[in-house]
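Reading the structure
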Amino acid sequence: QVHVVESGGDLVQPGESLRLSCAATGSILSLSTMGWYRQATGKQRELVAFGTTSGLRNYTDSVKGRFTLSKDKMRNTHYLQMNNLKPEDTAVYYCTAGIMSGNFVFAEHWGQGTSVTVSS
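To keep things clear, this report deals only with the structure shown in the data block.

Basis of the calculations
Residue numbers restart at each chain and count upward from 1, following the sequence in its written direction. Per-residue local features are limited, in this predicted model, to residues with pLDDT of at least 70; the limit for side-chain atom pairs, both in listing and counting, is 80 or more; totals at the level of whole chains, interfaces and linings are taken over all residues. Here the side-chain values reflect all heavy atoms present in the structure, with hydrogen atoms and water set aside. Any pair of cysteine sulfurs within 2.5 Å is marked as a disulfide. Counting from the N terminus, the helices are the DSSP runs of H or I reaching at least four residues and the strands are the DSSP runs of E reaching at least two. A simple rule labels every residue: compare its accessible area, found with a 1.4 Å probe on the protein chains alone, to the largest value its type can have, and call it buried under 20%, exposed over 50%, or partly exposed in between. Two strands are said to pair when DSSP picks up at least two bridges between them. Lines fitted to C-alpha atoms define the axes, with helix axes restricted to the stretch in contact, and inter-axis angles between N-to-C directions lie between 0 and 180 degrees. Stacked, tilted and edge-to-face are the three classes applied to pairs of Phe, Tyr and Trp rings, where Trp contributes its six-membered ring and a pair requires centres within 6.5 Å; stacked means planes under 30 degrees apart, edge-to-face means over 60, and tilted covers the rest. By definition, being over a ring means that NZ of Lys or CZ of Arg is both within 6 Å of the ring centre and within 35 degrees of the ring normal. When checking whether two residues touch, look at their non-hydrogen atoms; a contact exists if any pair is within 4.5 Å. Any pair of nitrogen or oxygen atoms within 3.5 Å is treated as a polar contact; in protein, a donor-acceptor pairing is required on top of that, and neighbouring residues in sequence qualify only through side-chain atoms on both sides.

The next point concerns the state of the cysteines. Going through the model one piece at a time under the given rule, you end up with one disulfide. Each disulfide pairs two cysteine sulfurs, and for cysteine 22 the partner residue is cysteine 95, the sulfurs being separated by 2.0 Å. Classification of the bridge connecting cysteine 22 and cysteine 95 rests on its S-S torsion, roughly 65 degrees, and on that basis the disulfide is right-handed. Linking cysteine 22 in strand β3 (residues 18–26) with cysteine 95 in strand β9 (residues 91–101), this pair joins segments that are 73 residues apart in sequence. You'll find cysteine 22 and cysteine 95 in the same group, each marked buried.

Structural data, given as structure tokens:
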């Protein structure tokens with residue numbers, strides 16, 4: 001069984017930074033894809049960042065140059081570094097992890113969400 005847990009959400013002021021973490025635990029053979037989505041109140045969930053452990057990175061236009069996706073080299077944990085945060089970044093952020101589990105089944109696992117509020 002695989003569990004994915006996000007952390008790092010907080011209330012910050014515009015221009016500040018946050019780093020969100022997405023930790024996968026359990027019977028994991030390999031982590032191959034990493035993603036972050038967000039959903040603001042009253043809006044549809046949108047893909048913010050997506051990447052692979054082989055180095056692919058894609059970002060939605062509104063966060064390019066401000067957000068960076070990375071992975072811990074030693075653990076099945078990936079991060080979303082968010083700099084120069086804006087009020088429009090306020091949302092619940094969800095991470096995804098594409099994992100090959102110990103029973104050789106590949107699935108995309110979702111975390112429970114972490115809240116980011118950007119307000120002065």
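Here the focus is the sheet that holds strand β1 (residues 2–7). Pairing is antiparallel across the open sheet formed by four strands, whose spatial order is β1-β3-β8-β7. Two strands bound the open sheet, and with one partner strand each, they are β1 and β7 (67–71). Taken over all neighbouring pairs, the strand axes of this sheet differ in orientation by 15 degrees on average, direction set aside. Sheet analysis places β3 next to strand β8 (residues 77–82), joined by six bridges and oriented antiparallel. Bridging across to β8, leucine 20 finds its partner in leucine 80.

Quick look at the packing of aromatic side chains now. Counted by the stated rule, this structure contains one aromatic pair. Measuring from centroid to centroid gives 4.8 Å for tyrosine 37 and tryptophan 110, while their planes differ by 35 degrees, and the two rings are tilted. Taken together, the residues tyrosine 37 in strand β4 (residues 28–39) and tryptophan 110 in strand β10 (residues 106–110) connect sequence positions 73 residues apart. The lysine or arginine in question, arginine 19, covers the ring of tyrosine 79, its NZ or CZ lying 4.0 Å from the ring centre. Positioned above the aromatic ring of tyrosine 94, the side-chain terminus of arginine 45 is 4.0 Å from the ring centre.

What follows deals with the environment of glycine 15. Along the chain, the position of glycine 15 falls in the loop between β2 (11–12) and β3. As a C-alpha pair, glycine 15 and proline 87 span 72 residues in sequence and 9.3 Å in three-dimensional space. When sequence neighbours within four positions are dropped, the list of residues in contact with glycine 15 reads Asn84 and Leu85.

Another point: the side chain of aspartate 72. Relative to the elements of secondary structure, aspartate 72 occurs in the loop between β7 and β8. Within the structure, the side chain of aspartate 72 is placed 3.4 Å from the side chain of tyrosine 79, a separation counted as a polar contact. Apart from the residues lying within four places of it in its own chain, the contact partners of aspartate 72 are Thr77 and Tyr79.

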